[in-house]
Amino acid sequence: MSLRVAVIGAGPAGIYASDLLIRNEDHDIHVDLFEQMPAPFGLIRYGVAPDHPRIKGIVTSLHRVLDKPHLRLLGNIEVGKDVTIEELRDYYDAIVISTGAVRDRELLIPGGDTSIGAGEFVGFYDGNPRFERSWNLQAREVAVIGVGNVALDISRILAKTGDELLVTEIPDNVHDSLRANRAKVVHMFGRRGPANAKFTPKELRELDESDTIQVLVDPEDIDYDQASEDLRRADKSIDLNCQVLEQYAMREPDDSPHKIHIHFFEEPVEVLTEGDAIVGIRTERQEFDGEGGVRGTGSFTDWPVQQVYHAIGYRSEPVEGVPFDLERNVIPNDGGHVLGEEGFEDSLYVTGWIKRGPVGLIGNTKSDAKETTDMLIADADAGKLNTPKHTDADAIIGLLEERNIAYTTWDGWYRLDEAERALGAECSRLPRERKKIVEWEDMVERARTVPQVP
Ligand code: NAP
């Protein structure tokens, strides 16, 4: 059977799902991969920290997928605004949504609205055109709430010198702000114990790799109850985290100019302000409750900090015309098939973080994509998919052009990629693999301008 599928969101989740669909041996499947940014790769381009080249390197395998003939990238298109889900039903047998989770969860404590969501800072330092172009880094002492990998990323970027990041793809505006960074001390706060930290051990070790940073843990914060011991025994990664944290707790402070303190059993309860200025963060000491959790002790500490970030998880945003669970911030689904109020939504599927919430590493989205695409294929076999009005592959291009939408393509990515690599090579101080282009219009222009052959 010949099928045309629209996948919405060209991050790892959408690309893995597209790959499984075009590789299907029983059906001849063509995929159009819609992306709202002018460039593909989603979280890899705009979520992974610039000093994590190993994870950024996943692009190489995603690139190979996008090179395949049955896959067509259509970027710079906002589904829900430029073209609706209902309209796409006229062009495709099925639609898969993979728009990820890009917003920060809210910090619901007094003064929490003065705290900056980690995603805002990540969007800035990763050169996402939707975020700020400069950043206020005047605070000498900074708090980061949460003990997951995003908290590690932003603590590390805050504690590094701007020049240490010059080997990466950061654009000039990001380097300028980071060079002026005055932060000397970063306090990370976990509300439970070391065995409940959400870090992965490799990333936790990396926190300490810069010559200018020393990571410290108060020995008082290294504590385990029976439930923590059980977790360590059951999960090697948790046990490794605990071992690394125990090493950090055995150190004396040295003369490294930047310190990152990781605190456990400290629940942030208020961001302290005077007028518009942040002057501290108040935490309540926690203790084991004997049932595998923690409870407040009624003992409070005020930490002098002048800026607060919260890295307490991301959340997905609704897609116009698609059911959304506002409590869990996901599209309701059963194994990837979208569920509306009256049962399964015809030919509508979901994969990645918007399907299961913002947890797990990039590799986890592969199994997720398999579950979703298996379901889609089973529905195709059972004759349950939508019958589109238009069967011509170029009909959708006609609609985009009729609406004057400056869509970008995979060839366009090659042009943008080349332009960014040329900018990286031109850097007089330190040539590097690429320097990102930030401005939206510049990206679209580079992607859409076909060089003239003389
Ligand atoms: P996460 O792993 O879920 O961590 C969130 C942290 O915030 C937890 O420590 C959590 O503590 C804490 N938290 C939540 N609500 C809180 C509150 N109200 N007050 C205080 N603390 C609160 O989320 P994430 O760091 O955003 O990461 C998302 C996913 O991306 C993860 O799977 C992560 O591994 C992945 N990621 C990977 C990398 C990498 O380099 N490999 C980089 C970035 C992200 P509790 O556990 O007590 O709720």
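So, on to the environment of Tyr-349. Structurally, the position occupied by Tyr-349 is in strand 18 (residues 343–350). Note: C-alpha distance between Tyr-349 and Ala-13 (336 residues apart in sequence) is 12 Å. Beyond its immediate stretch of four places on either side in the chain, Tyr-349 contacts Ala-94, Ile-95, Val-96, Ile-97, Gly-336, His-337, Val-338, Thr-372, Met-375, Leu-376, Asp-379 and Leu-385. Polar contacts involving the side chain of Tyr-349 include one to the side chain of Asp-379, which spans 2.6 Å.

Here we come to the sheet that holds strand 11 (residues 266–274). With respect to topology, 3 strands assemble into an open sheet ordered 11-12-13, the strand pairing being antiparallel. Only two strands of the sheet have a single partner each, and these edge strands are strand 11 and strand 13 (294–303). Between one strand axis and the next, the sheet turns through 25 degrees on average, direction left out of account. When strand 12 (residues 277–288) meets strand 13, the two strands line up antiparallel, connected through 7 bridges. Looking at the pairing, Phe-288 lines up with Val-294 of strand 13.

This part is about the site of the ligand. Around the ligand, the surrounding shell holds 22 residues, and the nearest of these are Val-147, Asn-149, Arg-191, Arg-192 and Gly-360. Between the ligand and Val-147 there is a distance of 3.0 Å, counted from an oxygen atom to a backbone nitrogen or oxygen. Burial of the ligand by the protein chains amounts to 86% of its free accessible area of 920 Å². Partitioned by chemical class, the residues of the shell around the ligand number 10 nonpolar, 6 polar and 6 charged.

Calculation criteria
Residues numbered from 1 in each chain as written. Predicted model: local features only at pLDDT ≥ 70, side-chain atom pairs only at ≥ 80, totals over all residues. Heavy atoms only, no water. Helix = DSSP H or I, 4+ residues; strand = E, 2+ residues; numbered from the N terminus. Contact = heavy atoms within 4.5 Å. Polar contact = N/O pair within 3.5 Å; in protein donor to acceptor, adjacent residues only side chain to side chain. Pairing = 2+ DSSP bridges. Axes fitted to C-alpha atoms, helices over the stretch in contact; angles between N-to-C directions. Near = heavy atom within 4 Å. Areas by Shrake-Rupley, 256 points an atom, 1.4 Å probe, with all protein chains shown as cover. Nonpolar A, V, L, I, M, F, W, Y, C, P; charged D, E, K, R; others polar.

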